[in-house]
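Here is how the chains run, residue by residue.
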Amino acid sequence: MAKVTFTLNDETVTVDEPLNMRFLDILRKELGLTGSKEGCGEGECGACSVFMDGWLVNSCLLPLASVEGRDIMTIEGYRETKRYKVLENAFVEEGAVQCGICTPGMVMAAENLLNRNPSPSEEEIRIALAGNLCRCTGYEMIFKAVKRASKEGEGLW
Ligand code: FES
Ligand code: FES
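Since the structure is predicted, the reported quantities are computational estimates derived from the model, not experimental observations.

Draft legend 1. Main features of the packing of aromatic side chains. Counted by the stated rule, this structure contains 3 aromatic pairs. Aromatic side chains F6 and F23 sit 5.4 Å apart centroid to centroid with 80° between the ring planes, which places their arrangement in the edge-to-face category. Separated by 17 residues along the polypeptide, F6 in strand β1 (residues 2–8) and F23 in helix α1 (residues 23–30) bring together distant segments of the chain. Note on F6: relative accessible area 2%, which makes it buried. Judged by its relative accessible area of 0%, F23 falls in the buried class. Considering the side-chain rings of Y139 and F143, the 6.1 Å spacing of their centres and the 20° angle between planes classify their relative orientation as stacked. When the ring centre of W55 is taken as reference, the NZ or CZ atom of R116 above it lies at 5.5 Å.

Rendered as structure tokens:
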């Protein structure tokens, strides 16, 4: 056990847990933030994505030790932004949510894309979301949702 302090959704947090504990488990089991999902647990599906110092990372691959002093944003923090509202509406309008396991990771990947490229082409959207797996939708509605968000959220990204 060791104390690790970091910023989580704009608040300073200290946890006292084994340094090799997966950060996804810290979020879900210790801090009650269940928005980040566990799909594969192996860094393949993107369902557990969080931002660390502005970089999109898989929290299932992140040991607690590596978040010391870092700035973490989970889907719970992102949910408070105007950008999230645009993406949420676009996902609903396009029918891009079915079981919902992949959705938080898809939304975080979409934010990561739109933040760097506010008007992506369809191919750029496909490439940006290539690290996120969905078992339900066939992807097309998700790609359309990101395209819709890029149009409806003009000026936010
Ligand atoms: S649960 Fe982390 S990448 Fe799949
Ligand atoms: S909506 Fe079920 S995995 Fe994507």
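There's more to say after this.
Draft legend 2. Representation of the nonpolar core within the structure. In this structure, Y78, L87, F91, I142 and V146 are the most contacted members of the largest nonpolar core, which totals 26 residues. Of all the elements in the fold, those that place two or more residues in this core are α2 (75–78), α3 (82–93), α4 (103–116) and α6 (140–152). With 7 residues, the top contributor of residues to this core is α4. When residues no more than four places from it in sequence are discounted, the contact partners of V146 are F91, A110, L113, L114, I125 and L129. By size, the runner-up hydrophobic cluster in this structure holds 17 residues, among which are V4, L8, F23 and L64.

Draft legend 3. Representation of the packing of α4 against α6 within the structure. Contact pair α4 / α6: the axes reach a minimum separation of 11 Å and the direction vectors enclose 45°. Considering the angle they form, α4 stands oblique to α6. Like other packed secondary-structure pairs, α4 and α6 cross with a definite hand, here right-handed. Residue-level inspection shows M106, A110, L113 and L114 of α4 in contact with α6, the latter providing I142, V146, A149 and S150. The class makeup of the residues in the contact of α4 with α6 is 7 nonpolar, 1 polar and no charged.

Each value, and the rule that gives it
- Residues numbered from 1 in each chain as written.
- Chains lettered and ligands numbered in written order.
- Predicted model: local features only at pLDDT ≥ 70, side-chain atom pairs only at ≥ 80, totals over all residues.
- Heavy atoms only, no water.
- Phe/Tyr/Trp six-rings, centres within 6.5 Å; stacked < 30°, edge-to-face > 60°.
- Helix = DSSP H or I, 4+ residues; strand = E, 2+ residues; numbered from the N terminus.
- Buried < 20%, exposed > 50% of the residue type's maximum accessible area, 1.4 Å probe, protein only.
- Lys NZ or Arg CZ within 6 Å of the ring centre and 35° of its normal.
- Core = buried A, V, L, I, M, F, W, Y, C linked by side-chain atoms within 4.5 Å.
- Contact = heavy atoms within 4.5 Å.
- Axes fitted to C-alpha atoms, helices over the stretch in contact; angles between N-to-C directions.
- Parallel < 35°, antiparallel > 145°, perpendicular 65-115°, else oblique.
- Left-handed = near helix turned anticlockwise from the far one by under 90°.
- Nonpolar A, V, L, I, M, F, W, Y, C, P; charged D, E, K, R; others polar.

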